[in-house]
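A look at the structure
Here is what each chain is made of, one letter per residue.
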2 protein chains.
Amino acid sequence: MWRYIILYGFVVAGLVVIMNWLDFHFLMHSLSMEIYLGLVALIFAFTGGWIGWRYTRPSMAGSAQIETTSDVPTTELTNDTSGLSPRELEVLELIAMGFSNQEIADKLFVSLNTVKSHSSNLFLKLDVKRRTQAVSKARELGLIH
Amino acid sequence: MWRYIILYGFVVAGLVVIMNWLDFHFLMHSLSMEIYLGLVALIFAFTGGWIGWRYTRPSMAGSAQIETTSDVPTTELTNDTSGLSPRELEVLELIAMGFSNQEIADKLFVSLNTVKSHSSNLFLKLDVKRRTQAVSKARELGLIH
DNA sequence: AATGTCCTCACCCGAAAGTATGAAATCGCT
DNA sequence: AGCGATTTCATACTTTCGGGTGAGGACATT
């Protein structure tokens, strides 16, 4: 959360610098002050909106990369398991099917605590906080169908 | 959907009014132009970011067809939504994206209790017991993708 | 005006999920 | 033989979810 605020701050600061650089040397001679202010407001409003939209998706938590193109690495990650162990993948699939931890424990013949351990570990590896988020991210990564 | 755009417009408009009110009567005498511009930029950037943060809404299976034109609202209602109301569908989509109830409440400008109500209702309609199960079933039914 | 649906919100309570920490057994690898 | 990864399980604790119930306002239909 905080990293985004900080990143956001830097972006804003950079834009402020840019605006100041453009300041009285270029625009002021051709535009009125109101239009200038309006432009500033619009640019920053849309920038803020874009940043807010881009960096608050739960599935993107932890990765601050900016996608400029439609990427191929997704298919590369399809075969990769993102460091998930076989058992964790198994639990993840059952989670995606909508089973509760207790049901998963029963299916895998292990204790509830074990399932919790697996899920906690895979949440760490996927960098998520909730099981629904894990399902969403795993689907993006192609870990599950 | 539109309510947020309209709300956004009003917020921006309100801020413009505020800025104009403050314009040359108050700040200009005490602050330099650079600081003034910086304030404008900051306020609008953060406003945009705030709006963008809440407007993390995907256009999904059902409404993707609606957005293109405006002539088939009837078809949209007759589309198979398994009896889910628009709001419930909205909550369901955000659940599928991995948001917590509190996050959904923040994004939709409603209280946590309201989100709980919606989710409980859609769980009843989908005949499921957990949110992960709801996501799984909704995906099967093609309500989300 | 009455009805029904939807959206909103509240409170309480129990269940499920998740965090933190530790630990033991197994297996592959060097 | 030691190391790391994996799997298993445990306890204790906090947070989130979900059920139950009720209720008021907005809106459209009848």
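Above: the structure in question.
Right, let's walk through the structure included here. (Residues numbered from 1 in each chain as written. Chains lettered and ligands numbered in written order. Predicted model: local features only at pLDDT ≥ 70, side-chain atom pairs only at ≥ 80, totals over all residues. Heavy atoms only, no water.)

Section: the protein's contact with DNA strand C
- In the vicinity of DNA strand C lie 18 residues, with R131(A), S85(B), R87(B), S111(B) and S117(B) positioned nearest.
- When atoms of DNA strand C within 4 Å of the protein are split into backbone and base, the sugar-phosphate part holds 66%.
- S85(B) is positioned with one of its side-chain polar atoms (N or O) 2.4 Å from a phosphate oxygen of DNA strand C.
- In the environment of DNA strand C, a phosphate oxygen lies 3.5 Å from a nitrogen or oxygen atom belonging to the side chain of N113(B).
- Sorting the residues of the surface near DNA strand C by element identifies α6 (112-126) of chain A together with α5 (86-96) and α7 (112-126) of chain B as the ones contributing at least two each.
- Per-element tally for the surface near DNA strand C: the top contributor is α7(B), with four residues.
- Class assignment for the residues of the surface near DNA strand C results in three nonpolar, nine polar and six charged. (Near = heavy atom within 4 Å. Polar contact = N/O pair within 3.5 Å; in protein donor to acceptor, adjacent residues only side chain to side chain. Helix = DSSP H or I, 4+ residues; strand = E, 2+ residues; numbered from the N terminus. Nonpolar A, V, L, I, M, F, W, Y, C, P; charged D, E, K, R; others polar.)

Concerning the environment of L89(B)
- Looking at the secondary structure, you find L89(B) in helix α5.
- For the pair formed by L89(B) and K125(B), sequence separation is 36 residues and the distance between their alpha carbons is 11 Å.

What about the packing of helix α4 (residues 86-96) of chain A against helix α5 (residues 101-108) of chain A?
Residues and elements named next belong to chain A.
- The contact between α4 and α5 brings their axes to 10 Å, and the two run at 130°. Of the possible angle classes, the one that applies to α4 and α5 is oblique. In this structure, α4 crosses over α5, and the sense of that crossing is right-handed. On α5, the residues that touch R87, E90, V91, L94 and I95 of α4 are I104, K107 and L108.
- Looking at the contact of α4 with α5, its residues break down into five nonpolar, no polar and three charged. (Axes fitted to C-alpha atoms, helices over the stretch in contact; angles between N-to-C directions. Parallel < 35°, antiparallel > 145°, perpendicular 65-115°, else oblique. Left-handed = near helix turned anticlockwise from the far one by under 90°. Contact = heavy atoms within 4.5 Å.)

Description of the pattern of salt bridges
- Within the structure shown, the criterion is met by six salt bridges over all chains.
- Taking the shortest distance from any N to any O, the salt bridge between R130(B) and E103(A) comes out at 2.9 Å. One end of the pair, R130(B), is in the loop between α7 and α8 (131-141); the other, E103(A), is in helix α5, on a second chain.
- A relative accessible area of 23% places R130(B) in the partly exposed class.
- Among the residues examined, E103(A) registers a relative accessible area of 31% and is labelled partly exposed. (Salt bridge = Lys/Arg side-chain N within 4 Å of Asp/Glu carboxyl O. Buried < 20%, exposed > 50% of the residue type's maximum accessible area, 1.4 Å probe, protein only.)

Topic: the protein's contact with DNA strand D
- The immediate surroundings of DNA strand D are formed by 19 residues, with S85(A), S111(A), N113(A), S117(A) and R131(B) found nearest.
- Expressed as a percentage, the sugar and phosphate content of the atoms of DNA strand D within 4 Å of the protein is 73%.
- The contact in question runs from a phosphate oxygen of DNA strand D to an N or O atom on the side chain of R87(A), over 2.8 Å.
- Within the contact set of DNA strand D, a phosphate oxygen lies 2.9 Å away from a side-chain nitrogen or oxygen of H118(A).

Describing the nonpolar core
- Core analysis: the biggest nonpolar cluster contains 22 residues, and L92(B), I104(B), L122(B) and L126(B) have the highest contact counts within it.
- Put simply, the parts of the chain that give this core at least two residues each are α5, α6 (101-108), α7 and α8 of chain B.
- The biggest single contributor to this core is α5(B), with six residues.
- What L122(B) contacts, discounting residues up to four positions off in sequence, is L84(B), E88(B), V91(B), L92(B) and A134(B).
- Formed by 21 residues, the second largest nonpolar core is a distinct cluster that contains L94(A), I95(A), A138(A) and L143(A). (Core = buried A, V, L, I, M, F, W, Y, C linked by side-chain atoms within 4.5 Å.)

Thoughts on the environment of W50(B)
- Positionally, W50(B) belongs in helix α2 (residues 33-54).
- Distance in space between the C-alpha atoms of W50(B) and K107(B) is 9.9 Å, their sequence separation being 57 residues.

Here's the deal with α5(B)
Residue and element names in this part refer to chain B.
- Buried residues dominate α5, accounting for ten of its eleven residues.
- Those residues of α5 lying buried are R87, E88, L89, E90, V91, L92, E93, L94, I95 and A96.
- Once α5 finishes, G98 follows within two positions and takes phi at roughly 100°, a positive value.

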